[in-house]
Every structure is written in C-alpha cells, then in structure tokens.
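One-letter residues, chain by chain:
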Amino acid sequence: SMQVDRAAVFLYDESRHALVARQLVDRADVLPGEEEIAILPDSPLGRLLAGKRTYLILNQPTGIAYIALRAFGNIFGVLRVENVHGKRPFTEKNIPLLNDFAHELATAMHGLELAASEREQVAQMKAIHEVSNAIFRSLRLDEMIKSVAQSLIQQLGFDRVRLYLVNRDGENLESVLTMDQ
C-alpha cells in the first residue's frame, strides 16, 4: 500500500499560465487558501500539461508526485501528492495506482463541471423564455415595452434597462423607456 500525507488538485488557468489550487488535504485536515504555480513552457510541469509526459516525481526536499488530470483527452490540471511528514519517496511503482486515482478524480470533476454548465444553460433558457412570454402576453406596444423591461430586470438580474425603438433601416429613433430595479 502507498501512504500519502498531503494532496491537492490544481486547475490550469491558461490565461495566467498558472496552476491554481483552492485547498490542500493534509491527512485528515482540509487546509484552505490558494496556491499558485507559474508554468514555464518547457519546464517539467509545462511538459506534463502539454501531454509530453504523464507524471512527474520530485523527491527533494520531500516526496512529491504530479499526475496529469485529463477528461476526454484534454488535460485540465494536475493532482499533486506529497509525503511531508516522513521521508518516504515516491517511485515508478506508485504511478499506476496514482494514475487510476487521478483518472477517477478527473472523470468525477468533469461530470460536476458538465452538470454546473447545464444548470447554467437551463437557467439562461428559462430567463429567455420568461422574457419572450412577456412579449407575447402584451399586445399594446407601451405595455409590451414595460413588460419586457420588467422581465429583463427580474429574470436576468440587471439594475437598469433602457429600451430603444429603431426603424427598419436600423437608425435609432428614441429611448422609449428607462427602468431601474
């Protein structure tokens, strides 16, 4: 069996070229706080994220292993495991077990991400549906405009809505309504 003292999941932030961890798990404790690792293109971690290697073992000053997290062929972060409380190095023999764990973790995380983005899309579609319903419920133009503005504020959370009428040539006619929350 393999012992691990501390583990962290780092997600890759491409815009900042950095790995970012939200929390570490140290034995039974969850240590909050962010940790960030800058990624240089040809560094060992850079090669790991580029898919040129699947793991990285560093045993100085303590035992550390990095395993790529991938879902559907896309690497989105790394799992870092450490032995900080004792001098137990990681070896090649530990990699298959760590790979299995990283694969399960990546699959679960990807599933959560999909569920979250689906919930977001459903919420947006409901909001758009509410706005379009408001349009169909109102027959008179002035009532319709007011109804649309109210729906935009309620459903999409805007502070202020200003509606303009435009003619067929796309020229602005005038601001017909400004409504604050």
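Read on for a plain summary of the structure. Because the structure is predicted, anything quoted here is derived from the model rather than measured.

Scanning the protein chain from terminus to terminus reveals 3 helices and 8 strands. For the protein chain, the N- to C-terminal ordering of α and β elements is β-β-β-α-β-β-β-α-α-β-β. For the protein chain, buried positions account for 31% of its 181 residues. When the accessible surface of the protein chain is totalled, it reaches about 12300 Å², and 54% of it is carbon and sulfur.

Looking at the secondary structure, you find Asp26 in strand β2 (residues 18–26). Reaching out from Asp26, the side chain makes a polar contact with the side chain of Arg6 at a distance of 2.6 Å. Of note is the side chain of Asp26, whose polar atom sits 3.0 Å from the side chain of His85.

Looking along the chain, the bond that leaves Gln60 and enters Pro61 is cis, with omega of -5°. If you trace the backbone, Pro61 turns up in the loop between β4 (55–58) and β5 (63–71). Residue His17 is not a glycine yet carries a positive backbone phi of 50°. Mapping His17 onto the fold places it in the loop between β1 (6–13) and β2. Accessibility expressed as a relative area gives 48% for His17, which makes it partly exposed.

Turning next to the environment of His85. Within the fold, His85 resides in the loop between β6 (74–83) and α2 (95–137). Given the relative accessible area of 40%, His85 is considered partly exposed. With 80 residues separating them along the chain, His85 and Asp5 place their C-alpha atoms 6.7 Å apart. Look past the residues within four positions of His85 in its chain and what remains in contact with it is Asp5, Asp26 and Arg27.

Right, let's talk about the pairing of β6 for a bit. Within β6, 9 of the 10 residues are buried, which leaves it mostly tucked inside the rest of the structure. In terms of strand pairing, β5 meets β6 through 9 bridges, oriented antiparallel. Within β6, the residue paired with Ile67 across the bridge is Leu79. From the end of β5 to the start of β6, which pair antiparallel, there are 2 residues, and Phe72 there has a positive phi angle of about 50°.

Conventions used here
- Residues numbered from 1 in each chain as written.
- Predicted model: local features only at pLDDT ≥ 70, side-chain atom pairs only at ≥ 80, totals over all residues.
- Heavy atoms only, no water.
- Helix = DSSP H or I, 4+ residues; strand = E, 2+ residues; numbered from the N terminus.
- Buried < 20%, exposed > 50% of the residue type's maximum accessible area, 1.4 Å probe, protein only.
- Areas by Shrake-Rupley, 256 points an atom, 1.4 Å probe, with all protein chains shown as cover.
- Polar contact = N/O pair within 3.5 Å; in protein donor to acceptor, adjacent residues only side chain to side chain.
- Contact = heavy atoms within 4.5 Å.
- Pairing = 2+ DSSP bridges.

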